Amino acid sequence: MSDKLALLGGTKIVSKDIGPACKWPTITQEDEQAVLDVLRAGTMSGIDITKEWEKEFAQYLGVDYCLGHCNGTAALLSAMFACGIGVGDEIIAPSMTYWATALPCFQLGATVVFADVEVDTLGIDPDDIERHISPRTKAIVPVHYAGYPADMDRIMAIAARHGLKVIEDVSHAHGSLYKGRMTGTIGHVGAMSCMSGKSLVASEAGMLATSDRFLWERAVAFGHYLRHGEAITDPSLVPFKGYPMGGVKHRVNQIASALGRTQLRRYPQRLAEIQRAMNRFWDLLEGCPGIRAHRPPKDSGSTMGGWYAAKGLYRAEELDGLGVDTFCEAVRAEGCPTYPGCNPPMHLHPVLNDCDIYGHGKPTRIANSDRDLRQPPGSLPVAEKIGKMCYSIPWFKQYDEEAIEQAAAAFRKVAENADQLLSEARVRSDCQATRA
Ligand SMILES: *Cc1c(COP(=O)(O)O)cnc(C)c1O
């Protein structure tokens, strides 16, 4: 068989449609029945099924308390409030993540200082956290990016040294283990999304998890007023029972809670299949130039959970500088979907730099700060370039050996024949030079 790349007119290496093996979420009759039961009972706004979901979720994670939320963003806001974050306070979050890791802090009058990320884990860089700590810092919000557990030992040590809370954003990492421990249970509080694209699905919902009773009570007080009677015992909260302190309503629709329960019940088994499939994909690419697995070392006790939005690492210097965009274009031409990049760096977005959201007469980011803590281009070099150093890979939910082998073969073929693209690029630029 010829190794000529499909992008240059060769034969595609992928003959199979790999879409079906990546389909998600998996919805069965059990899910449908659970949802129908809520509809027929008319208890969408109740809390009985939500409490069952919370109990089972807490058991799964191994924490004392869970609290269902209408979405992950709300769970994060609630976790921030629970930790006492308020006007003028600062959180430290990675710049390269989804916006909801950090932006909810604005609603509390607080702000965010971003830390850089690591090129191999894509998580917050512990070496970069301490220089961003100020007297106003209250919490660190690490993200287990694309399922890869953040370096929690070092993050917890930094937090302990400075008296900070740690809020884990577990939205990518349901079931990921960090050195044998469940993510979301290592920091003071964990918050996660269970929207339909995530690896643990409850349609649109979020979950907060903690073993700290006080933090849980604060979260209840903030946006779950119907539950004040059962939950609020702390003297600082008791006088305010009855109205939500946040002026928000964070209750989860029980159609979602019911789905959350059936999905959670099947999750360990589905997670095991995802892990088997994704690890197989990367095992097939071991030693391939230019590309690296985004997964922890095998003997580390850490895992990728459900491999949410699975990524690969790109090392252009091993392929004579071939750009990731062309690389991905060539893999797609072989019949395997892949796109360059990851979340864009938040510290460069106008909402973090210019936008006066609440009418303070200055950008919200610095509305309650004693200094201009905005971070200009060049300030977080890895977060700014990491989009050129990674790409999406097929997120296999099913162990389909043929689909996995063909997808891996597409990446390998392009990586091992990258010189064809380089000479093509050189020919193109030579032609342009001649014309000019
Ligand atoms: C999805 C996501 C959220 C927000 O969750 P929603 O349920 O969409 O509100 C927060 N953080 C990260 C990292 C996410 O990927």
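As the structure is a prediction and not an experimental result, all values here were calculated from the model.

The rules behind these values
All residue numbers refer to position in the chain's written sequence, counted from 1. Residue-level local features of this predicted model are given only where pLDDT is at least 70; pairs of side-chain atoms are given and counted only at 80 or more, and the full residue set underlies all totals for whole chains, interfaces and linings. Just so you know, side-chain values use all the structure's heavy atoms and leave hydrogens and water out. By definition, a salt bridge exists where a carboxyl oxygen of Asp or Glu is found within 4 Å of a side-chain nitrogen of Lys or Arg. Each helix is a run of DSSP H or I of at least 4 residues and each strand a run of E of at least 2, with the numbering of both proceeding from the N terminus. Each residue is assigned to one of three classes by its accessible area relative to the maximum for its type, calculated with a 1.4 Å probe on protein chains only: buried under 20%, partly exposed between the two thresholds, exposed over 50%. By the convention used here, residues are in contact when the closest approach between their heavy atoms is within 4.5 Å. In this description, strands pair whenever DSSP reports at least two bridges between them. Near is defined per residue: the residue qualifies when any heavy atom it owns lies within 4 Å of the molecule or strand. Polar contact is the term for a pair of N or O atoms within 3.5 Å; when the atoms are in protein, one must be able to donate a hydrogen and the other to accept it, and sequence-neighboring residues count only if both atoms are side-chain atoms. Here the open area of atoms and residues is found with the Shrake-Rupley method and a 1.4 Å probe, where only the protein chains shown may cover a residue. Each residue receives one of three labels: charged for Asp, Glu, Lys and Arg, nonpolar for Ala, Val, Leu, Ile, Met, Phe, Trp, Tyr, Cys and Pro, and polar for the others, Gly being one of them. Cavities and pockets were defined on a 1 Å grid built from protein atoms only: a cavity is a group of points that admits a 1.4 Å probe but offers it no way out, a pocket is an open group of points flanked by protein on both sides within 12 Å along at least five of seven lines, and a lining residue is one with an atom within 4 Å of any such point. Grid points are joined across faces, edges and corners, and a volume is the space filled by probe spheres set on the points. The angle between two axes is taken between their N-to-C directions and runs from 0 to 180 degrees, where each axis is a line fitted to C-alpha atoms and a helix contributes only its stretch in contact. Throughout, right-handed denotes a crossover for which the path from the first strand over the helix to the second runs clockwise when the strands point away from the viewer. The labels follow the angle: roughly parallel below 35 degrees, roughly antiparallel above 145, roughly perpendicular from 65 to 115, and oblique for the rest. The crossing is said to be left-handed when, going from far helix to near helix, the turn is anticlockwise and less than a right angle, and right-handed when the turn is clockwise.

Another aspect to go through is the pattern of salt bridges. For the structure shown, the criterion picks out 29 salt bridges. Here Asp127 and Arg154 are joined by a salt bridge, their closest N and O atoms 2.5 Å apart. Of this pair, Asp127 sits in helix H5 (residues 126–129) while Arg154 sits in helix H6 (residues 152–162), placing them 27 residues apart in sequence. What makes Arg154 partly exposed here is its relative accessible area of 36%. A single salt-bridge network, built from bridges that share partners, covers Lys51, Glu54, Arg227 and Glu230.

The topology assignment puts His144 in the loop between strand S4 (137–140) and H6. A relative accessible area of 0% means that His144 is categorised as buried. Look past the residues within four positions of His144 in its chain and what remains in contact with it is Pro149, Ala150, Met152, Glu168, Asp169, Val170, His172, Ala173, Thr183 and Gly184.

Moving on, we get to the pairing of strand S1 (residues 65–69). Moving residue by residue along a regular strand, the side chains alternate between the two faces of the sheet. Here S1 lies mainly inside the structure; five of its five residues are buried. Here S1 shows a buried face lined by Tyr65, Leu67 and His69 and a second buried face lined by Cys66 and Gly68. Sheet topology places S1 next to strand S9 (residues 206–210); five bridges connect them, and they run antiparallel. By the bridge assignment for S9, Leu67 is matched with Leu208.

Every one of the 14 residues lining the ligand counts as a neighbour, but Gly72, Thr73, Asp169, Ser193 and Lys198 are closest to it. Separating an oxygen atom of the ligand from a backbone N or O atom of Gly72 is a distance of 2.8 Å. Measuring from an oxygen atom of the ligand, one finds a side-chain N or O atom of Thr73 at 2.5 Å. Protein contact buries 93% of the 380 Å² of open area that the ligand shows by itself. Top element by residues in the shell around the ligand is helix H4 (residues 72–82). It accounts for three residues. Within the shell around the ligand, the residues separate by chemical class into four nonpolar, eight polar and two charged.

As a further point, take empty space enclosed by the protein. This model, assessed by the stated rule, comprises two cavities of 30 Å³ or more. Roughly 50 Å³ of volume is contained in the largest cavity. What lines the largest cavity is Ile47, Gly223, His224, Tyr225, Leu226, Arg227, Lys249, His250 and Arg251. Along the lines of polarity and charge, the residues of the lining of the largest cavity split into three nonpolar, three polar and three charged.

In space, the three strands of this open sheet follow the order S10-S11-S12, with antiparallel pairing throughout. Strands with a single pairing partner mark the edges of an open sheet, and in this sheet they are strand S10 (291–293) and strand S12 (390–392). Strand-to-strand twist across the sheet, computed as the mean angle between neighbouring axes with direction ignored, equals 35 degrees. Pairing of strand S11 (residues 311–314) with S12 involves three bridges; the strand directions are antiparallel. Of the residues in S12, the one forming a bridge with Gly312 is Tyr391.

Attention shifts here to the pairing of S4. With three bridges connecting them, strand S2 (residues 90–94) and S4 associate as parallel partners. Bridge pairing in S4 links Ile92 to Ile140. Chirality of the crossover, the property in question, places the unit of S4, H6 and strand S5 (residues 165–169) among those that are right-handed.

This next bit is on the packing of helix H10 (residues 324–333) against helix H13 (residues 401–416). At a closest axis distance of 9 Å, the pairing of H10 and H13 adopts a crossing angle of 130 degrees. One element, H10, and the other, H13, form an angle in the oblique class. Our pair here, H10 against H13, has a crossing hand that is right-handed. Residues Phe327, Ala330 and Val331 of H10 form the contact with H13, whose own contacting residues are Ala410, Phe411, Val414 and Ala415.

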